[in-house]
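# Inside the fold
Okay, here's what each chain looks like letter by letter:
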Amino acid sequence: MDTLLLLPGLDGTGRLFSRLIPELEGHFNLLSIAYPSDRILGAEAAVAYIQDRIPERVRYAIVAESFSGPLAIEFAARRPPGLLAIILVATFVSPPLGWLLRALLRAFAPLVAAILLRPSAWAMTYWLSGGEASLNQDISAALASVKANVIVARLQALCRVDARESLSRCEIPILYLAGDRDRLVDPRYGREIARLGCNVTLGGLPAPHLVLQSQPRLAAKAIRRFLSSLTPSPSEPPGNGPPGLAP
């Protein structure tokens, strides 16, 4: 059984994978990574942090949602041994905000972070969850466990992110999963990834921004289907086609 590495969104806690994990258990060895909630990691440090937590001599794929998408791309561009594929979820490789919003975020990041750490039910429903009350509670709990200065640094990192060149050097298969009701990350970012990548499959689910949390069963099915498609058929001679994960 191969390994599936789960990289979290802006909260960085990994807590929001609690709905997805039961749908994937028994198919993969699951490794959910949580970033430090009390200290700031730059992009290079975050990539090294991910690398340090991957067991040696394993074959694995990465599921990276939102904030973690560019980190997964930067990591993959280094061609680490054992990495077979990436599933990008509602993410981007260039700043996911217009220039005006980026300028406002740079100027008022602490205020935005304070709002994010205590989000209203309306904001969570509109931007993230689509209205599920229990998911809103999970979001609030995850964000509340992260220090404000860490959230500020992550928000500011969104204004500088640029993984486009690294994406162009990624040769492994990539699945991009988007939510058709995502109000936070526009579909054009998925199209940009498909245009710049050399081996990208676009997929969509009926979901808001938090695709994996609102549609865990459908998301897990899409992930399993994609990864199983990378496995050569039994009649195919060894060495032909890419090795794949065996869900």
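In this report, we go over the structure that sits alongside the text. (Residues numbered from 1 in each chain as written. Predicted model: local features only at pLDDT ≥ 70, side-chain atom pairs only at ≥ 80, totals over all residues. Heavy atoms only, no water.)

We now examine the sheet that holds strand β4 (residues 83–89). Spatially, β2-β1-β3-β4-β5-β6 is the arrangement adopted by the six strands of the open sheet, whose pairing is parallel. Since the sheet does not close on itself, it has two edges, and those belong to β2 (29–32) and β6 (200–205), each with one partner. Each strand axis lies, on average, 20° off the axis of its neighbour in the sheet, ignoring direction. (Pairing = 2+ DSSP bridges. Helix = DSSP H or I, 4+ residues; strand = E, 2+ residues; numbered from the N terminus. Axes fitted to C-alpha atoms, helices over the stretch in contact; angles between N-to-C directions.)

Turning next to the pattern of salt bridges. Applying the stated criterion to the full structure yields 11 salt bridges. The partner of R217 in a salt bridge is E23, with the nearest N and O atoms 3.7 Å apart. One end of the pair, R217, is in helix α11 (residues 216–228); the other, E23, is in helix α1 (residues 21–24), and 194 residues separate them in sequence. On the accessibility criterion, E23 (22% relative accessible area) is partly exposed. Of the charged contacts in the structure, one is a salt bridge between R169 and E165, with a shortest N-O distance of 2.9 Å. Residue R169 is classed as partly exposed on the basis of its relative accessible area, which comes to 37%. Since its relative accessible area comes to 49%, E165 is described here as partly exposed. Put simply, R19, E132 and D138 are held in one network by salt bridges that share partners. (Salt bridge = Lys/Arg side-chain N within 4 Å of Asp/Glu carboxyl O. Buried < 20%, exposed > 50% of the residue type's maximum accessible area, 1.4 Å probe, protein only.)

Geometry only, nothing functional implied.
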